[in-house]
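Observations on chain architecture
Below, each chain spelled out in residue letters.
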Amino acid sequence: MSEPVAKQLIADHLVSGEPEPGNEIAIRVDQTLTQDATGTLVMQELEAIGLDRVKTEVSVQYVDHNLLQADEKNAEDHAFLRSACRRYGLWFSKPGNGVSHPTHMKHFGKPGKTLIGSDSHTCAGGSLGMLAIGVGGLEVAMAIAGEPLYLRMPEIWGINLVGELPPWVSAKDVILEMLRRHGVKGGLNRIIEYHGPGLAGLTAMDRHVIANMGAELGATATVFPADDAVREFLQQQDRADDFRELVADDDAEYDITDEIDLSELVPLIAKPSSPGNVVPVSEVEGTPVSQVVIGSSANPGLRDFAIAAAMVKGRQTVDSVSFDINPSCREIFADLTKMGATFDLISAGARIHQSGCMGCIGMGQAPASDTNSLRTMPRNFPGRSGTREDSVWLCSPETATAAALTGTIIDPRHLGEKLSMDYPSLQLPSQPTIDTDMLTAPLPQEEAEKEELVKGPNISALPDFEPLPDRIEAPVLLKLGDNISTDEISPAGARALPFRSNIPKLAEFTFTQVNEDYPQRAKDLKDAGGHIVVAGDNYGQGSSREHAAITPRYLGLNAVIAKSFARIHWQNLANFGILALEFTNDEDYDDIDEGDTLVLEGLRESLPGGPDLQVHNSDKDHSYAVRHRLSDRQVEAVLAGGRIPVLARKQDEDGDD
Ligand code: MIC
């Protein structure tokens, strides 16, 4: 009997730890991926670490997020990233080449390898039989410098797929079904592994669609086997030699099991404003729509655009709907063009944008307030689109295109009746375009050593953080509910994103989505001992942006006390010296009010001593039991004020030897 694929991947890369659920393990990292919105900090971290040259097999820097250039900032970040790639030996993917995830899959993804990326959707790489994990930027910087990745060993969740998808239902509906069943916390501390006979009908790109949004379930990773579909994908990419079969036997044992009969799935849609609000499309039919956006890393394949083009061919989208197409990468855009599909889309009224993330992270395409926008994207957290009062729905390209043609949400299976349309059968080119001209290979070491980093005025230095005080006495500046996303902590959007390389400026946007006064109030408290945030379950869900830890820390946040935390954000908090504590009794959350002063004492002794601590509420004169889940390594970092001071100290000690 073979182990699940995920366990085989972990065993092959294990550096330390016992791979039992809940234990901290360390794994070797073969590949890394960074994108511009998080990569600028990663490059600054490499500089702070004093790296000479990358130690991984492959590290690639993509420029796909900050593509609108309303002023000089984004272009200056692009130039900085290019110079850092030249200096440290990374591949550089030029702006316009495409979204990191599908581009990486096409050119670098390899079965059996580990990949980590400073983007939560890095998990999409699991479509090729890789262990691909989204993490904070500092984890990526450390991996580029040759360090292993530390993580808590997750449980392996086997999903047996049976049957075949019916017409008008596609890969997006599979992952929406997972979200419908299990919600945005359902995958916490789990790796999702798909297996079973239903896999035969899913191409590698279909699997990418499913693996990508494993992030929305909170899962550590999603893994598919490397089977014939993967072999075919790599052959088409002219990389047949990179194939290595990696499968589990039918009787492989999973920690948790579930089954999806693909033939029973119906078109699904996530209502505003959580990827977990999933209902059948038929339940919300007739809702008026003002915008439809097709593309992003969550539906990046040629077929996802080609199906939209085939549906609108010879027809007009309605005049009340903006029909936006974001090609996921240049090669797919080229194939669409060669097929004539670009013409069909333009003729039907499509607005074609450059290859990249665009509206997915609110980089343009902000909808009008209180109007419905249907997107094939992974996330619809409040305000992420760039519009505060937004109303974003997530669905398949079929459901999105149906709305562009009718002006309302409609189950695409009803298009036969409404527009006499049958489910189009697609003729995709057997040989996709392969063009690596916008991917620049690393410079040889002798040349790299001579390169200088190009830093425009928008690239600030990383802030220095003080060690954690032994006693925290500070007010609760915010009391938040469940599932607070990092979009609510450090917003995306075209206004904030250009400051991702400038922490003092970005800090001005912190939590403004939930409370506009937060930055100023936090600054007022900074010298008087800082502040604390209290939250419900799954605090920090969503993106990997470590900015959501760094900017509140910069403004004086010492500790977050929550019912539970999302994985990546929890790790980012530890990396930047913020104490993450969980209530032992969830009812204590109800006892705390915004403005209450909380006191934590003797931290330098109690944190290394064990997981249990006491918090005293001096306004109510009540004490609460809380616990941390930090490993000894993380306790050291939190006490030191973050992982960078620990590294700096170690470097000094090494230098003294
Ligand atoms: C996202 O989908 O939220 C992003 C944009 O890709 C982020 C990265 C970021 O915040 O820059 C992610 O998921 O990590």
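Here the structure is a predicted model, which means the values were calculated and not measured. (Residues numbered from 1 in each chain as written. Predicted model: local features only at pLDDT ≥ 70, side-chain atom pairs only at ≥ 80, totals over all residues. Heavy atoms only, no water.)

1. Describing the nonpolar core
Condition: Residues enter a nonpolar core if they are buried and are Ala, Val, Leu, Ile, Met, Phe, Trp, Tyr or Cys, with the set joined through side-chain atoms within 4.5 Å. Relative accessibility thresholds used throughout: buried, under 20% of the residue-type maximum; exposed, over 50%; partly exposed, between the two (1.4 Å probe, protein chains only). The criterion used for residue contact is that any of the two residues' heavy atoms lie within 4.5 Å.
In terms of nonpolar packing, the biggest core is built from 62 residues, with Leu 131 and Ile 133 touching the most fellow members. Those residues within four positions of Leu 131 in sequence are excluded, and the remaining contacts are Leu 9, Ile 10, Ile 27, Lys 113, Thr 114, Leu 115, Ile 191, Ala 221 and Val 223. Grouped together as the second largest cluster of nonpolar side chains are 49 residues, Ile 532, Leu 579, Tyr 624 and Val 626 included.

2. Brief notes about helix H17 (residues 518-526)
To keep things clear, this is the line we draw: To qualify as a helix, a DSSP run of H or I must reach at least 4 residues; to qualify as a strand, a run of E must reach at least 2; elements of each kind are numbered from the N terminus. In this description, the arc belongs to the directions extending from the helix axis to the C-beta atoms.
Along H17, the residues classified as buried are Tyr 518, Pro 519 and Ala 522. All buried residues of H17 lie within an arc of 95 degrees about the axis, which places them on one face of the element. Buried residues along H17 sit in contact with strand S21 (472-479), strand S22 (531-535), helix H18 (547-554) and strand S23 (557-562).

3. A look at the site of the ligand
Put simply, the rule is: Any residue with a non-hydrogen atom lying within 4 Å of a molecule or strand is treated as near it. Throughout, the Shrake-Rupley method with a 1.4 Å probe supplies accessible areas, and for residues the shown protein chains are the sole cover considered. Ten residues, namely Ala, Val, Leu, Ile, Met, Phe, Trp, Tyr, Cys and Pro, are considered nonpolar, four, namely Asp, Glu, Lys and Arg, are considered charged, and the remaining ones, Gly among them, are considered polar.
Neighbouring the ligand are 14 residues, the closest being Asp 119, Ser 120, Arg 379, Arg 384 and Arg 545. Alone, the ligand offers 330 Å² of accessible surface; in the complex the protein occludes 98% of this. Looking at the shell around the ligand residue by residue, the classes come out as 2 nonpolar, 7 polar and 5 charged.

4. Observations concerning the pattern of salt bridges
Worth spelling out the cut-off: Counted as salt bridges are all cases of a side-chain nitrogen of Lys or Arg within 4 Å of a carboxyl oxygen of Asp or Glu.
One pass over the full model with this rule turns up 35 salt bridges. In this structure, Glu 177 engages Arg 181 in a salt bridge whose closest nitrogen and oxygen atoms are separated by 2.8 Å. Highlighted residues: Glu 177 and Arg 181, both in helix H6 (residues 171-182), separated by 4 residues, approximately one helical turn. In this structure, the salt-bridge partner of Arg 649 is Glu 636, at a minimum N-O distance of 3.2 Å. Linking Arg 649 in helix H23 (residues 643-656) with Glu 636 in helix H22 (residues 632-640), this pair joins segments that are 13 residues apart in sequence. In this structure Arg 649 comes out as partly exposed when scored by relative accessible area, which is 39%.

5. With respect to the environment of Ser 297
Mapped onto the fold, Ser 297 is located in the loop between strand S15 (291-295) and helix H9 (302-312). On the accessibility criterion, Ser 297 (6% relative accessible area) is buried. With 41 residues separating them in the primary sequence, Ser 297 and Ile 256 have C-alpha atoms 28 Å apart.

6. Points about the sheet that holds strand S3 (residues 31-35)
Strand pairs in the sheet, formed through backbone hydrogen bonds, run parallel or antiparallel to each other. Using the following cut-off: A pair of strands is considered paired only if DSSP assigns at least 2 bridges between the two.
Strand order in this open sheet of 6 strands is S7-S6-S3-S4-S5-S20, and the pairing throughout is mixed. In this open sheet, the two edge strands, each paired with only one partner strand, are strand S7 (131-134) and strand S20 (439-440). Two strands pair when backbone bridges link them, and strand S5 (residues 91-93) and S20 are joined in this way by 2 bridges, in the antiparallel orientation. Bridge pairing in S20 places Ser 93 opposite Leu 439.

7. Structural notes on the packing of aromatic side chains
Going by this rule: Stacked, tilted and edge-to-face pairs are distinguished by plane angle, under 30 degrees for stacked and over 60 for edge-to-face with tilted covering the rest, among Phe, Tyr and Trp rings (Trp via its six-membered ring) whose centres lie within 6.5 Å. In this analysis the charged atom, NZ for Lys or CZ for Arg, is taken to sit over a ring once it is within 6 Å of the ring centre and within 35 degrees of the ring normal.
Inspection of the entire model under this criterion finds 7 aromatic pairs. Seen from their ring centres, Tyr 194 and Phe 224 are 4.8 Å apart, and the 15 degrees between their planes marks the pair as stacked. With a gap of 30 residues between them, Tyr 194 in strand S10 (residues 190-195) and Phe 224 in the loop between strand S11 (221-223) and helix H8 (228-236) connect regions that are remote in the sequence. Residue Tyr 194 shares its accessibility class with Phe 224, and that shared class is buried. Stacked on the ring of Tyr 589, the Lys or Arg Lys 479 has its end atom at 4.2 Å from the ring centre. Sitting over the ring of Tyr 554, Lys 526 keeps its end group 4.6 Å from the ring centre.

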